[in-house]
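Commentary on secondary and tertiary structure
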Amino acid sequence: MEFDILILGSDANAYYMARCAYEAYHKKAFLIGKDRLAFTKFSNILEIEYEKDLWQEESFVKIINQFAKKRASKKVLTISTNETYAEFLIKNREQLADNLVFASPDIKTLTNLTNKENFYKMYKNKGLEFPETFYFDCSKNTILPSTLNFPIILKPANVVIYNHLSFEGKNKIYKIENQLELEQTIKKIIESGYKDRLIIQEFIPGDDSYLFDAVVYVDRNGKVKIQSFAQIGLQERTKSMVGNAAVLINGFNTTNGNTVEMMEKIKQFMESIPYHGFAEFDLKYDERTNSFKVLEINARQGRSSYYISALGANLVKTLVDDLIYQIDLQDQKLTEEILLSFVPKGIIKKYITNEDFKKEALYLWKNKKRVSPMIYKKDKNLKRFLMLKKRLWHYYKEYKNCYWRV
């Protein structure tokens, strides 16, 4: 059966999904993006189209329908790389061309996962543990709780609305050290036009190596078929990127947390809700309770999920087999060690504070058990090569001057 692959978005996530497509089928994926981001604009493994109105729902539907109608004789596997496009796809499923196929939950489940307040309230008795959480309504004169123990984490409940805002000092996540800083930050967010709720959450002690990443794929029958569980050694440091893994090792754990038990809890949770497609869990190990706390679930593959392809679970081939060919997928628990790194070796040596993790990361690097999602030898383009070199060197500046401190 003939098919094309359409990727929505132009960031790092979009690039490695195009790479997965090329690795699996040796053909270019199509990409429709809003912005000319460096991650994708110099690539030779993509056919790129830019649409400035892609973030407008009505325009979005017209744009991808036009793309699909030009390929009416083929199925078009459609892959979203962020929450906005995922929401547009699901909400407008009945208005989309029949040959567009994509894996997704229903709109209610998507909203419960992407809206952090819904997420924490809806699933608190579903076998997962969460950090202690309060909610602040930006549309009302909500009184801040007086029992907060600083530092605390502040983040938007509605990431889709928040992502559309632009203002000075905007962070993806805020680590707040005192009451005055909390009040000033909330004021700034409200003045930007954000009227939904904010999440005020306890900060779980521990450096970046207390963070973990888990990827799952739930097939069209609602069964978990792919699972990974990776320890993060270092997260990104820019204001828009904190929370994303920069360095991780799958199948590795320097804490006392029981990863086998946690993977089973994740499996049971995902099979208890109506879900289809990839999901990524962000977790942090809490040594006070010897447990993994779920920080959030992304209803898609995450920015760092490429590592499962290197372990034999190509993300795009998984979607094609499940959605296009409707093959019964094999169960894959990915426990083999592999290092994923967006940053150069020098950053690992200087900024990873967990010495056991650092030692293992450098060992895997030396023994070529490493992947970098952005560096693909078959994507030959001089401008891209120079951009990647510049990006790697820029990491030294980012980590030296970062605002985030653990």
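Residues numbered from 1 in each chain as written. Predicted model: local features only at pLDDT ≥ 70, side-chain atom pairs only at ≥ 80, totals over all residues. Heavy atoms only, no water.

1. Here we look at the environment of E132
Just so we agree on the cut-off: Secondary structure elements follow DSSP: runs of H or I of four or more residues count as helices, runs of E of two or more count as strands, with numbering from the N terminus. Three labels apply to residues, based on accessible area from a 1.4 Å probe with only protein chains included: buried if under 20% of the type maximum, exposed if over 50%, partly exposed otherwise in between. Here, residues are in contact when the closest pair of their heavy atoms is within 4.5 Å.
Locating E132 in the fold gives a position in the loop between α6 (116-122) and β6 (133-137). Using a relative accessible area of 49% as the deciding quantity, one classes E132 as partly exposed. C-alpha of E132 to C-alpha of Y120: the two residues are 12 residues apart in sequence and 9.7 Å apart in space. Beyond its immediate stretch of four places on either side in the chain, E132 contacts I200, Q201 and E202.

2. Things to note about the nonpolar core
For the record, the criterion: Here, the term nonpolar core denotes a set of buried Ala, Val, Leu, Ile, Met, Phe, Trp, Tyr and Cys residues that are joined through side-chain atoms within 4.5 Å.
In terms of nonpolar packing, the biggest core is built from 66 residues, with I5, L77, V247, Y307, I308 and V316 touching the most fellow members. The element that contributes the greatest number of residues to this core is helix α1 (residues 12-25), accounting for eight residues. Setting aside residues no more than four positions away along its own chain, L77 makes contact with D4, I5, L6, V101, V316, L319, V320 and L323. Listed in part, the 49 residues of the second largest apolar core include I90, Y120, A157 and I200.

3. Some points on the sheet that holds strand β7 (residues 152-156)
Defined as follows: Paired strands are those between which DSSP finds at least two bridges. To obtain each axis, a line is fitted to C-alpha atoms, and for helices this fit is confined to the stretch in contact; angles are then taken between N-to-C directions over 0 to 180 degrees.
Taken in spatial order, the four strands line up as β6-β9-β7-β8 in an open sheet, and their pairing is antiparallel. This sheet does not close on itself; its edge strands, each paired only once, are β6 and β8 (174-176). Sheet twist, expressed as the average angle between the axes of neighbouring strands with direction ignored, equals 25 degrees. The strands that helix α8 (residues 179-191) touches are β6, β7, β8 and β9 (197-202); relative to β8, the one it contacts most, it runs at about 150 degrees.

4. A few points about α1
Condition: Each residue after the first adds 1.5 Å to the expected span of a helix. Throughout this description, a polar contact denotes any pair of N or O atoms lying within 3.5 Å of each other; where both atoms belong to protein, one of them has to be capable of donating a hydrogen while the other can accept it, and for residues adjacent in sequence the pair is counted only when both atoms sit in side chains.
For α1, spanning 14 residues, the distance from its first C-alpha to its last is 20 Å, which sits close to the expected 20 Å at 1.5 Å a residue. With respect to burial, α1 is a largely interior element, 10 of its 14 residues being buried. Among the residues of α1, A12, N13, A14, Y15, Y16, M17, A18, R19, C20 and A21 are the ones counted as buried. The N-cap residue of α1 is D11: its side-chain oxygen and the backbone nitrogen of N13 are 3.2 Å apart.

5. What to know about helix α9 (residues 259-272)
Between the first and last C-alpha of α9 there are 20 Å, a value that for 14 residues agrees with the 20 Å anticipated at 1.5 Å per step. Lining the buried residues of α9 we find β10 (211-218), β11 (224-228), β14 (277-286), β15 (291-298) and β16 (332-334). Of the residues flanking the start of α9, the one acting as N-cap is N258, its side-chain oxygen 3.2 Å from the backbone nitrogen of V260.

6. As for the sheet that holds strand β2 (residues 29-33)
Spatially, the five strands line up as an open sheet ordered β3-β2-β1-β4-β5, and their pairing is parallel. Edge strands, defined here as strands with exactly one partner in the open sheet, are β3 (46-50) and β5 (100-101). Examined bridge by bridge, strand β4 (residues 75-80) and β5 share two bridges and lie parallel to one another. Each bridged residue has a counterpart across the sheet, and for V76 the counterpart in β5 is L100. Packing of α1 onto the sheet brings it into contact with β1 (3-8), β2, β3 and β4, and relative to β1 it is tilted by some 165 degrees.

7. Some points on a nonpolar patch on the surface
Rule in force here: Residues forming no salt bridge and having over 30% relative accessible area are the ones grouped into patches, like charges within 9 Å of each other and nonpolar side chains (Val, Leu, Ile, Met, Phe, Trp, Tyr) within 5 Å. Here, Shrake-Rupley sampling with a 1.4 Å probe gives the accessible areas, and only protein chains in the shown set may cover a residue. Salt bridge, as used here, is a side-chain nitrogen of Lys or Arg placed within 4 Å of a carboxyl oxygen of Asp or Glu.
Where nonpolar side chains cluster on the molecular surface, the patch consists of M1, Y325 and I327 and spans about 310 Å² of accessible area. Note on placement: Y325 falls in the loop between α11 (315-324) and β16.

8. Some words on the layout of surface pockets
As a reminder of what qualifies: Think of a 1 Å grid over the protein atoms and nothing else: a 1.4 Å probe that fits but is trapped marks a cavity, an open set flanked by protein within 12 Å on at least five of seven lines marks a pocket, and residues with an atom within 4 Å of a point count as lining. Grid points are joined across faces, edges and corners, and a volume is the space filled by probe spheres set on the points. Put simply, Ala, Val, Leu, Ile, Met, Phe, Trp, Tyr, Cys and Pro go in the nonpolar bin, Asp, Glu, Lys and Arg in the charged bin, and everything else, Gly too, in the polar bin.
By volume, the second largest pocket amounts to about 440 Å³. The wall of the second largest pocket is formed by 23 residues, among which I375, F385, L388, K389 and L392 lie closest to the centre. Contributing elements (two or more residues each) for the lining of the second largest pocket: α12 (345-351) and α14 (382-400). Counting residues per element, the lining of the second largest pocket draws most heavily on α14, which supplies seven residues. A breakdown of the residues in the lining of the second largest pocket according to their chemical character gives 12 nonpolar, four polar and seven charged.

9. Topic: empty space enclosed by the protein
Inspection of the entire model under this criterion finds two cavities of 30 Å³ or more. Of the volumes computed, that of the largest cavity is approximately 210 Å³. As for the largest cavity, its lining consists of 20 residues, of which S80, A103, A299, R300 and Q301 are closest to the centre. When residues of the lining of the largest cavity are traced back to their parent elements, those giving at least two are β4, α4 (83-91) and β14. Top contributing element to the lining of the largest cavity by residue count: β4, with four residues. Taken together, the residues that form the lining of the largest cavity break down as 12 nonpolar, seven polar and one charged.

10. Details of the side chain of S104
Mapped onto the elements, S104 comes out in the loop between β5 and α5 (107-114). Overall, S104 belongs to the buried group, its relative accessible area being 12%. Of note is the side chain of S104, whose polar atom sits 2.7 Å from the side chain of R93. The contact partners of S104, leaving out residues within four places of it in the chain, are I90, R93 and H276.

11. Quick look at the environment of L89
Mapped onto the fold, L89 is located in helix α4. By relative accessible area, which is 3% here, L89 ends up buried. When the C-alpha atoms of L89 and V61 are compared, they prove to be 8.0 Å apart, with 28 residues separating the residues in sequence. Non-local contacts of L89, meaning those with residues more than four positions away in its chain, are made with L8, F60, I64, T78, S80, L96 and F102.

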